[in-house]
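Inside the fold
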Amino acid sequence: MQRKACATGAALVAVLAVGTVGCTGGSGTGGAAADSKPGTVGTAAVTAPPGTYRDLPEPCDAVDTGVLKAMLPGAGSASPKDGAEGGDETPAAYEGEQTVTYDDDRRVGCRWKSSTGMGSRHLLVDFERVVSYDPAVSDDERAVRLYEDMVLEAGIPGSPPADEESPGSGEETDGDGAGAEEAGDTGEAPEESGEPAEGGAEDGEDGARDGSGEPDGAVPQPAPGAALAPRPLEDVGEAAYIDDELVTADSGVHRDITLVFRTGNVIVTVEYEQWVTDKRRLPDSAELQEKALKLAGRLAGEFQD
């Protein structure tokens, strides 16, 4: 009887020992499993750096009067802004009109317009400061993605044409000789301001009547040459492209130049358009692109300063 009790006690001690070892091993395994959970233990949270730029320029002050005079011929004849002092003769057209946005801290813009008897020109400058709401993606990275989407939507090729020289770069050049030289090929009277001259337009009109007897006939719309075709640009911000579209409407013909560049987490858009009522006188692509490129180069330089 005593021997049986001893045997039972020994068996109980053995069971308890095995249980203790099992619990110890289970605890170790469980601890290792908990530590190995991805992203919870041993992995520091990654926060992307803030964007390069925290604010935006005043849009209507971003383009100086000298540039506006070159891009908006005819605007100088407009009356001075209401309330201007005697010494301040800045025409109202050069003051610009700020665009309406929902958040001035994130996006601002300004537009200008000039008109003559032969048509009008329109300029829009838009600044967008991109903010990423993903802590793992920086504002600059988010801006890169948005810019790439804009390139795809505009159908811009991956590389600029190499067979012809571009009409200009983002850096300033002297004068508007490119536009004046091209004007003769497009039928637009060469003029320092780039706007069709009143007298030249009338002479061209008379010539068309005398020569063909069809004053309302529209001129064919040639596609821009390789150097003027939609393309990526170099030396304007960190990435840039230019688009060129000629449109014929019932009211006339207009050429729309769109230049977009990115610097840091800011995307800048320049839209420059010329409308003419005489469909035989096509707006000069080279001249319009040249002026848009000059303006974009100045704006990009302001961000780098």
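Heads up: the structure comes first, above all this text.
What you see is a predicted model; the values in this text were computed from it and never measured. (Residues numbered from 1 in each chain as written. Predicted model: local features only at pLDDT ≥ 70, side-chain atom pairs only at ≥ 80, totals over all residues. Heavy atoms only, no water.)

1. Some thoughts on the overall build of the protein
As a reminder, the rule being used: Strands here are runs of E lasting at least two residues and helices are runs of H or I lasting at least four, both read from the DSSP assignment and numbered beginning at the N terminus. Working definition: with a 1.4 Å probe on protein chains only, accessible area under 20% of the residue-type maximum means buried, over 50% means exposed, and in between means partly exposed. Throughout, a contact is declared for two residues whenever any of their heavy atoms are within 4.5 Å. Reported accessibility uses the Shrake-Rupley method at a 1.4 Å probe radius. Residues are deemed covered only where the shown protein chains occlude them.
Assigned secondary structure in the protein consists of seven helices and seven strands. When each of the 305 residues of the protein is scored for burial, the buried share is 36%. Nonlocal contacts in the protein, meaning residues at least 24 apart in sequence, comprise 67% of its contacts between residues at least 6 apart. Here the protein displays about 17,000 Å² of accessible surface, and carbon together with sulfur accounts for 52% of that area.

2. Thoughts on the state of the cysteines
Definition in use: Two cysteine sulfurs form a disulfide in these notes if their separation is within 2.5 Å.
Inspection of the entire model under this criterion finds one disulfide. Note that Cys60 is cross-linked by a disulfide to Cys110, the S-S spacing being 2.1 Å. Between Cys60 and Cys110, the disulfide has an S-S torsion of 100° and is therefore right-handed. Of the two residues, Cys60 sits in the loop between helix 1 (2–35) and helix 2 (65–71) while Cys110 sits in strand 2 (residues 107–116), which places them 50 residues apart along the sequence. Assigned by exposure class, Cys60 and Cys110 land together as buried.

3. A closer look at the sheet that holds strand 6 (residues 252–263)
Test applied: Here a strand pair is declared whenever DSSP counts at least two bridges between the two strands. For helices, the axis comes from a line fit to the C-alpha atoms of the stretch in contact; other axes are also lines fit to C-alpha atoms, and the angle between any two N-to-C directions lies between 0 and 180 degrees.
As summarised here, the arrangement of the seven strands in space is 1-2-3-7-6-5-4, forming an open sheet in which the pairing is antiparallel. In this open sheet, the two strands that pair with only one neighbour each are strand 1 (97–98) and strand 4 (231–233). Bridge count between strand 4 and strand 5 (residues 239–249): three bridges; the pairing is antiparallel. Paired with Arg231 across the two strands is Ile242, which belongs to strand 5. Where helix 7 (residues 285–304) meets the sheet, it contacts strand 3 (119–129), strand 4, strand 5, strand 6 and strand 7 (266–276), and its direction lies at approximately 25° from that of strand 6.

4. With respect to the pairing of strand 7
Most of strand 7 sits out of view: eight of its 11 residues are buried. Where strand 3 and strand 7 come together, 11 bridges link them in antiparallel fashion. Each bridged residue has a counterpart across the sheet, and for Ser120 the counterpart in strand 7 is Trp275. Counted along the chain from strand 6 to the antiparallel partner strand 7, the turn is two residues long, and its residue Gly264 has a positive phi close to 60°.

5. Thoughts on the packing of aromatic side chains
Which entries qualify depends on this criterion: Only the six-membered ring of Trp is used, alongside the rings of Phe and Tyr, when aromatic pairs are assigned; centres must lie within 6.5 Å, and planes under 30 degrees apart are stacked while those over 60 apart are edge-to-face, with the rest tilted.
Under the defined criterion, the tally for this structure stands at three aromatic pairs. When the centroid spacing of 6.2 Å and the interplanar angle of 45° are considered together, the rings of Phe127 and Phe303 count as tilted. Within this pair, whereas Phe127 is found in strand 3, its partner Phe303 is found in helix 7, the two being separated by 176 residues in sequence. Considered together, Phe127 and Phe303 belong to a single accessibility category, that of buried residues. Between Tyr147 and Tyr241 the ring centres are 5.9 Å apart and the planes differ by 45°, which places this aromatic pair in the tilted class.

6. Focus on the pairing of strand 3
For a regular strand, the rule is simple: side chains alternate between the two faces of the sheet. With respect to burial, strand 3 is a largely interior element, 10 of its 11 residues being buried. As judged from the 10 bridges shared by strand 2 and strand 3, these two strands associate in the antiparallel manner. Following the sheet pairing, Ser115 is matched in strand 3 by Ser120. Counting the residues in the hairpin turn of strand 2 and strand 3 gives two residues.

7. Concerning the nonpolar core
Under the convention used in this document: By convention a nonpolar core is built from buried Ala, Val, Leu, Ile, Met, Phe, Trp, Tyr and Cys residues, the set being connected through side-chain atoms within 4.5 Å.
Counting 36 residues, the largest nonpolar core has Trp112, Leu123, Phe127, Leu259, Phe261, Leu295 and Leu299 as the members making the most contacts within it. Contributions of two or more residues to this core are made by helix 2, helix 3 (92–95), strand 2, strand 3, strand 5, strand 6, strand 7 and helix 7. Broken down by element, this core gets its largest block of residues, eight residues, from helix 7. When residues no more than four places from it in sequence are discounted, the contact partners of Phe261 are Val236, Gly237, Ala239, Ala240, Val266, Ile267, Val268, Ala296, Leu299 and Ala300. Among the nonpolar cores identified, the runner-up in size contains nine residues, and Ala143, Tyr147, Ile156 and Tyr241 belong to it.

8. Quick notes on unusual backbone geometry
It is generally the case that most residues other than glycine have a negative phi and that most peptide bonds are trans. Even without glycine at this site, Asp235 takes up a positive phi of about 65°. Assessed through its relative accessible area of 60%, Asp235 is described here as exposed.

9. Here's the deal with the side chain of Arg262
Put simply, the rule is: Within 3.5 Å is the distance limit for a polar contact, defined as a pair of N or O atoms, with the added protein rule that one can donate a hydrogen and the other accept it, and that residues adjacent in sequence qualify only through two side-chain atoms.
Among the secondary structure elements, Arg262 is positioned in strand 6. Judged by its relative accessible area of 9%, Arg262 falls in the buried class. Within the structure, Arg262 has its side chain in polar contact with the backbone oxygen of Gly264 (distance 2.9 Å). Excluding anything up to four places from it in sequence, Arg262 contacts Ala143, Val144, Tyr147, Gly237, Glu238, Ala239 and Ile267.

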